[in-house]
Structure formats: C-alpha cells, structure tokens
Amino acid sequence: MTTVAVGYDFSDHAHRAAQWAAAYAQRCGADVVLVHAIGLREHGEPGNPLVELAAVSAEIAAGAGLEESRVRGALDYGDACSVLLRCASAPIDASLLVVGTRGHDAHAGLLLGSTSLEVAEHATIPLVIVPTD
Amino acid sequence: MLILGGPGSHEGHEEEGHPERPERVTAVLAGVGDLDLAGDLVRVEAREATRAELIAVHDGAYLDELGAFCYGGGGDIDEDTYATYDSYSIARATAGSGLAVVDELRRRDAGVGLVVTRPPGHHALAGRAMGFCLLNNVAVAAAHLAAAGERVAIIDFDVHHGNGTQEIFWNDPRVLYVSSHQVPLFPGSGMSKEVGGPDALGATCNLPLPAGATGDVVARAYEEIAAPVLDSFAPSWVLVSAGFDAHRSDPLADLALTSGDFGALSHFAAQFTPQPGRLAFFLEGGYNLQALRASITDTLARALGEDRASEPPSSGGPGHDAVVRSAALRAAALEAAHDTKGTP
C-alpha cells in the first residue's frame, strides 16, 4: 500500500494539504499519515498532540470518503524539515510528501524559515506543495 | 585560572516568553561569581568571527541569508528558533568569543575556558538554523583549531543531541564528536549506530539515554563507551558543549542529573586534555536558572581542580541496559561500515 505523508502543524495551510492528500489517496488507494514534528519547546507542554492528530485524521478521512483507518497521525521529534525528510524511510516509508505552502513559521520570499522550500531542496521522494486558496 | 569569553552585549537577541533568554547569562555569571576566583578570572574581549572563520563550517549562502533576514528585522525562523535585527551580529560575536578564548588558552598554555554563548550553537547545521541555534559556536572553534593541526574532541553533554556539530564533522577525522543525550527527544538524531562518515569512521560516538537516567548511568556510558574512543583518538584539545538541560529541574527534558553530576562530567572531560590550557566549555542549553547557576559552578570547580558540589551526584535511574545495548549497536555499526569499506 502506498503511503502519503503530510506535514501537519495544525495550521490552516497544513489542513488544506491534508485535505488534498486525502482526496488524492481516495483516487489512488493510498494511506495517509499526518506527521507532526515535536520541537524543543513543545516538549512538556500540556495536551497530547497524538490525540489531537487522531481527531483531525478522522475528520480528514470522513471529508474525503475514506475509511477512518486509512488516515492516521504520527509524531516525531525534530524540526519540521528533518522530520518530513525522514518520512521517506521506515517506519513510515512514504512514497509521496505533501506540505502546505506556508506553515506557522514561514516568511514569504525567503528560504530561511520556509519548511516547504527546505523540504523541496532536500527531498528524495516526490513532493507536492499545496497552495492555500 | 578561568578564561571567560562571551558576546558582550547580547540583550538584543530576545523574544518574549522564549526560554533561551538573556537571564541565562546572568545565571551563568552568578555561577562563575560563586567560585570567588578573584585574580584567577581573566575576561577575554569579544570580537566578531570573520566570514572566513564562519565559512569553515557554514555555507556562505546561509550566512548571507541569515544576515539579510536579521537586518530585515528578523522574526521566527521555525517554531523554536527566532532572530532579531541584532541577532546576526550577536551570533558572530558569540562565535568570535569562542575563538578568542581558545586563542588565549593557547597563548597562555594554562587555564580553563568558558564561552558564555548566546544564542547557543550545537543544533545549527552548515546551512540551517534550528533548535534556538544560529551559528555553531563550538564547531567554529573546533574547525579553527583543526586547521592549525590540532586533534579536537568535542564532548557534548547537553540533553539534546548536537545534530549540527555531528553533521559538520561527520566525515572529518580531525574532530571526534561524543554526545550523551535523551532519546527519544528533539532533534530525533544521535543513535548509537551513527558512527561517522567513511573517512572518519568511529569519530562520532553517541550515547543515547532514556528519560529518568541519573548521573551513575551517564557516567557508565562515558566510562564504558566514550573513554576508550577518546583514549584512542588522543585529542590535543577538548571542547565541551556544556548544556545543563539534563538537570532534573530543567523544563525542556527528562533526564535526572544534579549539578554534582555535571561536575563529574567536567572531571571526566578534563582527563583527556594532554596539557594545561586545552579545555574550554561552550554554553549550550539549560533553562532552569537556579540549576544553571549551580551546575556552572560545579562544572568549573571540578575543571579547575576544586572538589566541591552544590548537589550530590544522582543514582538509581533507568538506563544501564541502554548503555549495554549502545555499546553493542556501536560495535555492530562500525563492523558493518568497515565491511562496506573493505577494510579489516
């Protein structure tokens, strides 16, 4: 089964990317993993992002008409770029990466701070950058 | 004698509510003050690292972009890392103060160095800022020494793996990188099987530890795994990436060390210096100000030959099995890498 990994930081841009990935997965029979990077500061913060990811996954699956089991969340420690690049390897073994154009951290026109452009520069598997309406 | 360096003015690098804050320097300097060094404290004047000195470890395009970003007003680089208008200048002065401290140690052939860095450096990659870090201060100093023919060991006991330092020297046999850190934790790297590139096999030595590990476990990892590697490498310099966020009171991680444990780690690092004036500490993390102050005092006291500890060493935590497993995984990774290279 093909796996599509989506960078998910709970921003509107990431949500749009997840919706696109789910629609794509519905057409080609893929599974979707919403991947959230846990940074330095997030450690020890209240709340459980895995629980939040599970709720988002269910919503995304329902919106695309997918079985709930075909969209799931995953956590990994690191900066967003490194975490997304690692999705090409086990345990996720994604064959496609999907990101939004801008996350919480982006600065228009600059490579610095743009996860999408950093991933595009270093990705070893195909990457889709989903524009926000 | 303590040779003390830092960026001088650093208050311009600040973001409201961020744990990497100017008060950390105040705590470190208070910890130095607790040593009552009087005439044995030498302050080294800060200078900005030159582009040539920085480019030994960082991409020129990254330096250009970081400078432009800061002078354009700065902002958040990622969810952890910020920069202000002043940050590039402060980061260059921080890296430069590391160079000034090692040059002063070399000139005197005496003393122990302390570089009070802001921002810290060990997560900074050759071409990317991350994890609160803009420029990799310890790497800039190590590259400076290596270019002068020195064999440099970097011992990194920050609770987070120094992925930037590891990446920069991954395939450089002149620099040995040893790191103890909590796993799993940011930045997600630093596994035992990461042992260095083809030209520097074995010159990366990772000691991953589980949450809750205490000083006895960390000491065992250093004694059983790192000490033979350091002995074999025979460094002419030892630089320490001294993060104090492995302290049990630190809010950003879950190891359970005390200030006395940092003293023991300092004593361990000092053993591998071949002569006086070849040991320097570079501040990395540490976000509980009281713990930072006590840990700095105990670390420097032991490095300066004084046997004191504000808190007793800790013991009884988990992780002895992880140390045994780490040793086996490292040996297997080295064997596999040598087989791939076709060497015995």
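Residues numbered from 1 in each chain as written. Chains lettered and ligands numbered in written order. Predicted model: local features only at pLDDT ≥ 70, side-chain atom pairs only at ≥ 80, totals over all residues. Heavy atoms only, no water.

**Q** So what exactly am I meant to see when it comes to the sheet that holds strand β5 (residues 112–115) of chain B here?
**A** Pairing between sheet strands relies on hydrogen bonds along the backbone, with the strands arranged either parallel or antiparallel. Residue and element names in this part refer to chain B. In spatial order, the strands read β2-β1-β5-β10-β9-β6-β7-β8; together these 8 strands make up an open sheet with parallel pairing. Among the strands making up the open sheet, the edge pair consists of β2 (41–43) and β8 (204–209). Sheet twist, expressed as the mean angle between neighbouring strand axes with direction ignored, is 15°. Pairing between strand β7 (residues 175–182) and β8: 6 bridges, direction parallel. Bridge pairing in β8 links histidine 181 to proline 208. Across the face of the sheet, helix α5 (residues 137–147) comes into contact with β6 (152–156), β7, β9 (237–242) and β10 (279–283) while running at roughly 175° to β9. (Pairing = 2+ DSSP bridges. Helix = DSSP H or I, 4+ residues; strand = E, 2+ residues; numbered from the N terminus. Axes fitted to C-alpha atoms, helices over the stretch in contact; angles between N-to-C directions. Contact = heavy atoms within 4.5 Å.)

**Q** Could you clarify how one ought to interpret the pairing of β9(B) in this entry?
**A** Residues in a regular strand project their side chains so that they alternate between the two faces of the sheet. All names here are of chain B. For β9, the tally of buried residues reaches 6 of 6 residues, placing the bulk of the element in the interior. Along β9, one buried face is formed by Trp237, Leu239 and Ser241 and the opposite face, lined by Val238, Val240 and Ala242, is buried too. Relative to β9, β6 is paired through 5 bridges, and the arrangement is parallel. Considered in β9, the bridge of isoleucine 155 is made with valine 240. (Buried < 20%, exposed > 50% of the residue type's maximum accessible area, 1.4 Å probe, protein only.)

**Q** For this particular structure, what's the right way to read the nonpolar core?
**A** A general trend in soluble globular proteins is that nonpolar side chains are found buried together. All names here are of chain B. Core analysis: the biggest nonpolar cluster contains 56 residues, and Leu114, Tyr222, Leu230 and Phe281 have the highest contact counts within it. Per-element accounting of this core gives the leading share, 10 residues, to helix α7 (residues 215–233). In contact with phenylalanine 281, other than residues within four places in its own chain, are Val112, Gly113, Leu114, Val115, Val240, Ala242, Ser266, Thr299, Leu300 and Ala303. (Core = buried A, V, L, I, M, F, W, Y, C linked by side-chain atoms within 4.5 Å.)

**Q** What should I look at first to understand the interface of chain B and chain A in this one?
**A** How large an interface is tends to be reported as the accessible area lost when its parts come together. If you look at the interface, chain B gives 30 residues, while chain A gives 20 residues. For the pair chain B and chain A, the summed buried surface comes to about 2100 Å²; carbon and sulfur atoms form 60% of the total. If you sort the residues of chain B by the area they bury against chain A, Glu65(B), Glu79(B) and Arg128(B) come out on top, with a joint share of 28%. Linking chain B with chain A are 3 salt bridges, by the criterion used here. Taken together, the links from chain B to chain A amount to 6 residue pairs in polar contact (both at pLDDT 80 or more). Mapped by element, the contributors of at least two residues to the side of chain B that touches chain A are α3 (60–71) and β3 (74–76) of chain B. Among the elements that line the side of chain B that touches chain A, the one with the most residues is α3(B), at 4 residues. Taken together, the residues that form the side of chain B that touches chain A break down as 14 nonpolar, 8 polar and 8 charged. (Buried area = accessible area lost by both parts, 1.4 Å probe. Salt bridge = Lys/Arg side-chain N within 4 Å of Asp/Glu carboxyl O. Polar contact = N/O pair within 3.5 Å; in protein donor to acceptor, adjacent residues only side chain to side chain. Nonpolar A, V, L, I, M, F, W, Y, C, P; charged D, E, K, R; others polar.)

**Q** What's the story with helix α4 (residues 115–122) of chain A in this structure? I'm lost.
**A** Two residues of an α-helix separated by three or four positions point the same way, owing to the 3.6 residues in each turn. Residues and elements named next belong to chain A. For α4, the complete set of buried residues consists of Thr115, Ser116, Glu118 and Val119. Projected onto a plane normal to the axis of α4, the buried residues spread over an arc of 165° and lie on a single side. Among the structural elements, α3 (80–86), β4 (96–100) and β5 (127–130) are those in contact with the buried residues of α4. (Arc of directions from axis to C-beta.)

**Q** Quick question: what am I supposed to make of the packing of helix α8 (residues 259–270) of chain B against helix α9 (residues 289–303) of chain B here?
**A** All names here are of chain B. α9 packs onto α8 with a crossing angle of 30° between their chain directions and a minimal axis gap of 7 Å. Our classification of the angle between α8 and α9 gives roughly parallel. Considering the relative orientation of α8 and α9, their crossing is right-handed. Across the interface between the two elements, Ser259, Gly260, Phe262, Gly263, Ala264, Ser266 and His267 from α8 touch Ala294, Ser295, Asp298, Thr299, Arg302 and Ala303 from α9. For the contact of α8 with α9, a count of residues per class yields 4 nonpolar, 7 polar and 2 charged. (Parallel < 35°, antiparallel > 145°, perpendicular 65-115°, else oblique. Left-handed = near helix turned anticlockwise from the far one by under 90°.)

**Q** Which parts of the structure should I look at to understand the pattern of salt bridges?
**A** Once the charged atoms of two side chains with opposite charge are near each other, the side chains can pair. Residues and elements named next belong to chain B. Following the criterion strictly, the structure yields 19 salt bridges over all chains and no others. For aspartate 64, the salt bridge identified is with arginine 51, shortest N-O distance 2.9 Å. Placement of the pair is aspartate 64 in helix α3 and arginine 51 in helix α2 (residues 51–54), with a sequence separation of 13 residues. For arginine 51, a relative accessible area of 38% gives the class partly exposed. Residues glutamate 306 and arginine 308 are paired through a salt bridge, measuring 3.4 Å at the closest nitrogen-oxygen approach. By relative accessible area, glutamate 306 is classed as partly exposed at 35%.

Any functional reading would require information that these geometric values do not contain.
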